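# Examination of the molecular architecture
Letter by letter, the chains look like this.
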Amino acid sequence: MLLVTKGSIEDCNTRYAQGGIAAAIGSNDSLELHFRDTISAGDGLCNEEVVRILVDEAPDRITDLVNLGVPFDTLDGEIALALEAAHSMPRILHAGGDATGEHIETTLSRKVRSAGIPVMENCLATDILLEEGRAAGLRVLDCKSGASKEFYCRFLILATGGAGQLFRFTTNPEVATADGIALAFRAGAYIMDMEFFQFHPTTLYMPGVTPFLISEAVRGEGSLLRNNDGQRFMPEYAPQAELAPRDVVARSILAEMEKTGQPNVFLDVTHLPPNVVTTRFPQIYRFCLDNGLDITKEWIPVAPAAHYMIGGIRVDSWGESSIPGLFAAGEAAATGAHGANRLASNSLLEVLVFGKRIIEKTSGTGGNKTLKDTNGYVRHILGKTKAPAGTPQPSLKRLQQLLWEKSGIVRNKEGLTQAAAILAGWQQSLPSPVDRKSHELVNLTVAGRLMVEAALLRQESRGAHFRSDFPEKLPEWRKHIVLTMQ
């Protein structure tokens, strides 16, 4: 076994996950309720077989984490369970309040190092090596020396995370540059559901301060969203108010910002007991306090930001892609569990469940390959297109601004068409990458084009994908969009 990472082993989205892990382990909860909530949030596009696996195996994966030493929060000797938006029951496990991801990442990386598993840090994967159509290895760039190396393997697993750096405003760290998606696409793998990118509704908005996630759990605890006039506005947009699904809350906040002409709204927790705020959300409280904001006494300025890539490398229920021997897990994968809109706190659960299944499959104890789905597919091949005249030179800042404006929370044909033409041109004109930054720009350009092309094809609004020119959900679009280079 060999782990290859372009930064350190600790650099990943998991480390920043505040919300927790969803699992039906409470006495009043059930696997069926968790299943129904996940299907409902997925807005008609969940693979039901995959969702069954996700919720059924969740309790065992929680047991695995407990045995590994993850310190979940407890109440009266039992794991404490919290409520989040679109969940019918309290089923969210936390560790250290809002530090769940950090505790999981720290625990697992410590286990890797203590077990003596070789880890190559500061090495960027640049190409998947194929032999007779099967994944056979990886070409990597040593980011410090500039040397290129090749490694061969029986199985290759991509766990490269998301693509938040596609957008100007994001909760993701700098490493989230869609590397796995681009690698798999160039190798010929199927890429699915790229139009579904989830925007978190509440990110700290303070000029000069790095965007910082204000967890879903803060709204689950009873916080209220207010506009600049101090009015609570969510009941006007959705019957569930602050506990509506993320896409609804994000669009509602955007509409309220446009209505008031302000760059943010406010999240109010001042009516909650201060000790609840400080003990339940210690990271959020400390980060805000370090930047001069006491959230127990002052409203939190928030605005939406890019958060989670639902789509990715199309895999079966054992994590294998359309290329034999190539597997994907976590945010880089599209398992079909999330459908068109991920249910809060199902993401950490997904990587646990299907990461374990990948190990079972590659060790010979897993089941047969399956890519069954009742929803069907639209397959689209990406061609080569020249950039329109006057297209500016590609840069990370220009790409992020382009996608935020043209393929963000609300989209339309005109903006998507413009973005598609520019990205296709950039894809052709970018020079061969030579270092980490240039490789990341190439990968983001590829992933951005995949997202925009899929968003153009889906002429409806569903889940996290909203088209102002096609605002309704249409039954004929209850199917996935699969993109391929060949």
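Here's what I pulled together on the structure shown here. Values in this document were obtained by computation on a predicted structure and should not be read as measured data.

## Structural notes on the overall build of the chain
- Looking only at helices and strands, the chain features 12 helices and 22 strands.
- Over its C-alpha atoms the chain spans a radius of gyration of 21 Å, differing by no more than 12% from the 23 Å that the globule rule assigns to 486 residues.
- The C-alpha extent of the chain, read off along each of the three principal axes, is 60 × 55 × 50 Å.
- Per-residue burial for the chain yields a buried fraction of 56% across its 486 residues.

## Structural notes on helix α11 (residues 413–429)
- In this model, α11 (17 residues) spans 24 Å end to end at C-alpha, consistent with the 24 Å of a helix rising 1.5 Å per residue.
- Regarding α11, the residues found buried are Gly415, Leu416, Ala419, Ala420, Ile422, Leu423, Ala424, Gly425 and Trp426.
- Looking at the buried side of α11, the elements it contacts are α10 (396–406) and α12 (436–457).
- Looking at where α11 begins, the residue whose side-chain oxygen comes 3.2 Å from the main-chain nitrogen of Glu414 is Asn412.

## A word on the sheet that holds strand β17 (residues 300–309)
- Within the open sheet, the 5 strands sit side by side as β14-β13-β17-β16-β15. Their pairing is antiparallel. Strand pairing shows two members of the sheet lacking a second neighbour, β14 (212–213) and β15 (224–226), which therefore form its edges.
- Across 3 bridges, strand β16 (residues 265–268) lies against β17 in antiparallel orientation. Paired with Leu267 across the bridge in β17 is Ile300.
- Sheet strands touched by helix α6 (residues 246–260): β13 (197–204), β15, β16 and β17. Its angle to β13, the strand with the most contacts, is close to 55°.

## Quick notes on the pattern of salt bridges
- Here the structure, examined in full by the defined rule, presents 27 salt bridges.
- Among the salt bridges present, the one from Lys473 reaches Asp43, with a minimum N-O distance of 2.5 Å. Taken as a pair, Lys473 in the loop between α12 and β22 (480–484) and Asp43 in the loop between α1 (31–41) and α2 (48–68) lie far apart in primary sequence, 430 residues in all.
- Given the relative accessible area of 46%, Lys473 is considered partly exposed.

## Some words on the nonpolar core
- Of all hydrophobic cores here, the largest spans 56 residues; its most connected members are Ile128, Leu166, Phe197, Leu326 and Leu450.
- Judged by nonpolar contacts, the second largest core, of 30 residues, contains Ala217, Val249, Leu272 and Cys288.

## Section: the packing of aromatic side chains
- For the structure shown, the criterion picks out 10 aromatic pairs.
- Plain terms: the ring middles of Phe167 and Phe199 are 5.2 Å apart, the flat faces sit at 70° to each other, and that makes the pair edge-to-face. Note that Phe167 is positioned in the loop between β11 (156–158) and α4 (179–187) and Phe199 in strand β13, a separation of 32 residues in sequence.
- A residue is classified by how much of its surface remains accessible, and Phe167, at 1% relative accessible area, is buried.
- Look at Phe167 and Trp404: their rings are 6.4 Å apart centre to centre, the planes differ by 75°, and that puts the pair in the edge-to-face class. Taken together, the residues span a long stretch of sequence, with Phe167 in the loop between β11 and α4 and Trp404 in helix α10 at a distance of 237 residues.
- Three or more aromatic residues joined by ring pairs make a cluster, and in this case those are Phe167, Phe169, Phe197, Phe199 and Trp404.

## A word on empty space enclosed by the protein
- For the coordinates displayed, the defined rule picks out 5 cavities of 30 Å³ or more.
- There is about 60 Å³ of room inside the second largest cavity.
- Looking at the second largest cavity, the residues that line it are Phe197, Gln198, Phe199, Arg246, Asp247, Ala250, Arg251, Ile409 and Ala464.
- Those elements that place two or more of their residues in the lining of the second largest cavity are β13 and α6.
- Top element by residues in the lining of the second largest cavity is α6. It accounts for 4 residues.
- A class-by-class count of the residues in the lining of the second largest cavity yields 5 nonpolar, 1 polar and 3 charged.

## Quick word on the state of the cysteines
- Under the counting rule described, the total for this entry stands at 0 disulfides.
- Free of any disulfide, Cys153 has its nearest neighbouring cysteine sulfur in Cys123, separated by 15 Å.
- Judged by its relative accessible area of 29%, Cys153 falls in the partly exposed class.

## What to know about the sheet that holds strand β6 (residues 92–93)
- Read from one edge of the open sheet, 3 strands run β2-β6-β5, paired in antiparallel fashion. Among the strands making up the open sheet, the edge pair consists of β2 (21–22) and β5 (81–82).
- Alignment of β5 against β6, held across 2 bridges, turns out to be antiparallel. Its bridge partner being in β6, Leu81 is matched across the sheet by Leu93.

Calculation criteria
Residues numbered from 1 in each chain as written. Predicted model: local features only at pLDDT ≥ 70, side-chain atom pairs only at ≥ 80, totals over all residues. Heavy atoms only, no water. Helix = DSSP H or I, 4+ residues; strand = E, 2+ residues; numbered from the N terminus. Rg over C-alpha atoms; globule rule 2.2 N^0.38 Å. Buried < 20%, exposed > 50% of the residue type's maximum accessible area, 1.4 Å probe, protein only. Expected span 1.5 Å × (residues − 1). Contact = heavy atoms within 4.5 Å. Polar contact = N/O pair within 3.5 Å; in protein donor to acceptor, adjacent residues only side chain to side chain. Pairing = 2+ DSSP bridges. Axes fitted to C-alpha atoms, helices over the stretch in contact; angles between N-to-C directions. Salt bridge = Lys/Arg side-chain N within 4 Å of Asp/Glu carboxyl O. Core = buried A, V, L, I, M, F, W, Y, C linked by side-chain atoms within 4.5 Å. Phe/Tyr/Trp six-rings, centres within 6.5 Å; stacked < 30°, edge-to-face > 60°. 1 Å grid on protein atoms, 1.4 Å probe; cavity = no way out; pocket = protein on both sides within 12 Å on 5 of 7 lines; lining within 4 Å. Points joined across faces, edges and corners; volume = space filled by probe spheres on them. Nonpolar A, V, L, I, M, F, W, Y, C, P; charged D, E, K, R; others polar. Disulfide = S-S within 2.5 Å.

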